Amino acid sequence: MNTRQWYRARIRWAEMVEGRGIRHWEEGLYLFRSEDRDAAFQRALEIGEGGQSGGEEGGRRPRWVETRLAEVVTLDCMGRELEEEPLEVHWMQWPAEEKIPFEHKFGPANKVPRPS
């Protein structure tokens with residue numbers, strides 16, 4: 001018998017620009033199966049880490065830009081009813097209102113997500 005249940009995670013990344021700091025936030029909503037909440041949190045962190053990237057941004061003044069996993073915002077158990085396993089469900093981006101320097105280190109594994 002399959003004991004895995006469906007979980008929904010809202011994952012947040014920060015786009016960081018060297019010399020400037022945070023540019024904007026990005027968020028995705030993901031569905032996946034897992035054995036329990038702890039394993040689901042680890043899976044959400046893996047998904048988030050897979051969404052990280054970095055590279056030089058062209059233009060008149062080239063600069064380094066990184067997308068960094070900031071946190072798993074919410075994590076909810078959805079039960080066993082779902083049949084197919086979609087991955088990304090929703091994605092959004094919005095401007096950052098706070099000042100976060102480029103050197104900032106996020107600690108997403110140290111912040112337990114709340115239910116939505």
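Structural data are supplied above this passage.
Below you will find a few notes about this structure. From a predicted model like this one, the values you see are computed outputs, not experimental measurements.

### Observations regarding the overall build of the chain
Alright, step 1. Of regular secondary structure, the chain possesses one helix and five strands.
Alright, step 2. The order of helices and strands in the chain, counted from the N terminus, is β-β-α-β-β-β.
Alright, step 3. Along the first, second and third principal axes, the C-alpha set of the chain runs to 60 × 25 × 20 Å.
Alright, step 4. Residues counted as buried form 39% of the 116 residues belonging to the chain.
Alright, step 5. In the chain, once contacts between residues fewer than 6 apart in sequence are set aside, the share between residues at least 24 apart is 76%.
Alright, step 6. Looking at the chain as shown, the accessible area adds up to about 7300 Å², and 47% of this sits on carbon and sulfur atoms.
Alright, step 7. Across the chain, the 18 positively charged side chains and the 22 negatively charged ones have centroids separated by 5 Å.

### Some thoughts on the environment of Glu35
Alright, step 1. Relative to the helices and strands, Glu35 resides in the loop between strand S2 (21-34) and helix H1 (37-50).
Alright, step 2. The exposure class of Glu35 is partly exposed, given its relative accessible area of 46%.
Alright, step 3. Each C-alpha atom, one on Glu35 and one on Phe102, is 36 Å from the other, the two residues being 67 residues apart in sequence.
Alright, step 4. If sequence neighbours within four positions are ignored, Glu35 has contacts with Thr3 and Arg4.

### Brief notes about the pattern of salt bridges
Alright, step 1. This structure, assessed with the given rule, holds 10 salt bridges.
Alright, step 2. Across the salt bridge formed by Arg10 and Glu27, the nearest N and O atoms sit 2.9 Å from each other. Residue Arg10 is located in strand S1 (residues 5-17), and its partner Glu27 is located in strand S2; the two are separated by 17 residues in the primary sequence.
Alright, step 3. Overall, the relative accessible area of 24% leaves Arg10 in the partly exposed class.
Alright, step 4. Note that Glu27 and Arg12 form a salt bridge whose closest N and O atoms lie 2.5 Å from each other. Residue Glu27 is located in strand S2, and its partner Arg12 is located in strand S1; the two are separated by 15 residues in the primary sequence. Per residue, the accessibility class of Glu27 equals that of Arg12, and both read buried.
Alright, step 5. In this structure, a network of salt bridges that share partners links the residues Arg10, Arg12, Glu27, Glu71 and Lys111.

What counts, and where the lines are drawn
- Residues numbered from 1 in each chain as written.
- Predicted model: local features only at pLDDT ≥ 70, side-chain atom pairs only at ≥ 80, totals over all residues.
- Heavy atoms only, no water.
- Helix = DSSP H or I, 4+ residues; strand = E, 2+ residues; numbered from the N terminus.
- Buried < 20%, exposed > 50% of the residue type's maximum accessible area, 1.4 Å probe, protein only.
- Contact = heavy atoms within 4.5 Å.
- Areas by Shrake-Rupley, 256 points an atom, 1.4 Å probe, with all protein chains shown as cover.
- Lys, Arg positive; Asp, Glu negative; His and termini not counted.
- Charge placed at Lys NZ, Arg CZ, Asp CG, Glu CD.
- Salt bridge = Lys/Arg side-chain N within 4 Å of Asp/Glu carboxyl O.

By themselves these figures say nothing about function.
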